Amino acid sequence: MTDLSAFPITRKWPAQDPDRLQLYSLPTPNGVKVSILLEELGLPYEPHLVSFETQDQMSPAFLSLNPNNKIPAILDPHGPGGQPLALFESGAILVYLAEKTGRFIPQDAAGRYECLQWVMFQMGGIGPMFGQLGFFHKFAGKDYEDKRPRDRYVAESKRLLGVLDKHLAGRDWMMGADYSIADIAIFPWVRNLVGFYDARELVGFDDFPHVARVLAAFVARPAVARGLLIPKRG
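Residues numbered from 1 in each chain as written. Predicted model: local features only at pLDDT ≥ 70, side-chain atom pairs only at ≥ 80, totals over all residues. Heavy atoms only, no water.

### A closer look at the overall build of the protein chain
- Along its length, the protein chain carries 9 helices and 4 strands.
- Helices and strands in the protein chain line up, N terminus first, as α-β-α-β-α-β-β-α-α-α-α-α-α.
- On C-alpha atoms alone, the protein chain measures out to a radius of gyration of 18 Å, which is about the 17 Å that the 2.2 N^0.38 rule sets for 234 residues.
- Principal axes of the C-alpha set define a box for the protein chain whose edges measure 55 × 45 × 25 Å.
- Within the span of the protein chain, comprising 234 residues, buried residues form 50% of the whole.
- Long-range pairs, those at least 24 residues apart, make up 67% of the contacts in the protein chain with a sequence separation of at least 6.
- Mean positive and mean negative side-chain charge positions of the protein chain (25 and 26 charges, respectively) differ by 2 Å. (Helix = DSSP H or I, 4+ residues; strand = E, 2+ residues; numbered from the N terminus. Rg over C-alpha atoms; globule rule 2.2 N^0.38 Å. Buried < 20%, exposed > 50% of the residue type's maximum accessible area, 1.4 Å probe, protein only. Contact = heavy atoms within 4.5 Å. Lys, Arg positive; Asp, Glu negative; His and termini not counted. Charge placed at Lys NZ, Arg CZ, Asp CG, Glu CD.)

Rendered as structure tokens:
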């Protein structure tokens, strides 16, 4: 049995089975990327809820694994060379798990880099822009009288949806016929934009039929349906 006692995070969130991958997360768009991929892969893992309500992400235990105090993070007892690996940043975790298993990422070099470019597109564009739109449309920012900040993020979100829609015309998934970590990175955020953020009309989502089509196919996957609820909120 793997000894994970050297990792302080396991003292706050004990591992029931130290030989299983440990997931520290919350079902947010970034968090569910990893739970969805783990469900798609069928890898044995233990999910641990990092509650923002109790500021778990600021605890010394969590910061010992991710000094950036963001979810998700993982601890893989069977990392490279058979040694435990602690890893944060959702995009990095997606790439790691895809390459570890040889699944949901193209095996040829050109295809791999094309897939990675779309993962980075989500990390650098979709996530930050959709998140800011959510702040100014649904959360505290909605009370600002000056709507220029909101409108800036609405315009950029529309532009990004337009990039996706054009790319997805004639394609089943971001990489064509094959479902990949590019889809797992992008579509939890699209779902959040039109669902939780309630911004469907604001961004004119019905003007992006290819994005809507692929989103519907994404949420219909059984592993996605499971992963969207992991970890269970207390």
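Picking up where we left off.
### Focus: the sheet that holds strand β2 (residues 45-49)
- Within the open sheet, the 4 strands sit side by side as β2-β1-β3-β4. Their pairing is mixed. The open sheet terminates on both sides in strands that have one partner only, identified here as β2 and β4 (85-88). Strand-to-strand twist in this sheet, taken as the mean axis angle between neighbours without regard to direction, amounts to 15°.
- Summarising the sheet, strand β1 (residues 21-25) and strand β3 (residues 73-76) pair through 3 bridges and their orientation is antiparallel. (Pairing = 2+ DSSP bridges. Axes fitted to C-alpha atoms, helices over the stretch in contact; angles between N-to-C directions.)

### Topic: the layout of surface pockets
- Empty space within the largest pocket amounts to approximately 1100 Å³.
- In terms of lining residues, the largest pocket is bounded by 38 residues, among which Leu26, Thr28, Pro29, Phe52 and Ile71 are the most central.
- It is helix α5 (residues 109-137) that provides the largest number of residues to the lining of the largest pocket, a total of 5 residues.
- Split into classes, the residues belonging to the lining of the largest pocket amount to 19 nonpolar, 13 polar and 6 charged. (1 Å grid on protein atoms, 1.4 Å probe; cavity = no way out; pocket = protein on both sides within 12 Å on 5 of 7 lines; lining within 4 Å. Points joined across faces, edges and corners; volume = space filled by probe spheres on them. Nonpolar A, V, L, I, M, F, W, Y, C, P; charged D, E, K, R; others polar.)

### Digging into the side chain of serine 51
- Locating serine 51 in the fold gives a position in the loop between β2 and α3 (60-63).
- Of the residues examined, serine 51 reaches a relative accessible area of 16% and is grouped as buried.
- Polar contacts involving the side chain of serine 51 include one to the main-chain amide nitrogen of glutamate 53, which spans 3.2 Å.
- Discounting residues that sit within four places of it in the chain, serine 51 has contacts with Asp56 and Gln57. (Polar contact = N/O pair within 3.5 Å; in protein donor to acceptor, adjacent residues only side chain to side chain.)

### Re the nonpolar core
- With 61 residues, the main nonpolar core has Leu97, Ile181, Phe187, Val190 and Val211 as its most contacted residues.
- Beyond its immediate chain neighbours, meaning those up to four positions away, phenylalanine 187 contacts Leu168, Met174, Val211, Val214, Leu215 and Phe218.
- Listed in part, the 12 residues of the second largest apolar core include Ile9, Leu26, Leu65 and Leu75. (Core = buried A, V, L, I, M, F, W, Y, C linked by side-chain atoms within 4.5 Å.)

### Description of helix α4 (residues 90-101)
- Look at α4: 17 Å from first C-alpha to last across 12 residues, which is about the 16 Å you get at 1.5 Å a residue.
- Residues Ser90, Gly91, Ile93, Leu94, Val95, Tyr96, Leu97 and Ala98 constitute the buried set of α4.
- Lining the buried residues of α4 we find β1, α2 (29-41), β3, β4, α5 and α7 (181-194).
- Backbone geometry just after α4 places glycine 102 at a positive phi near 70°. (Expected span 1.5 Å × (residues − 1).)

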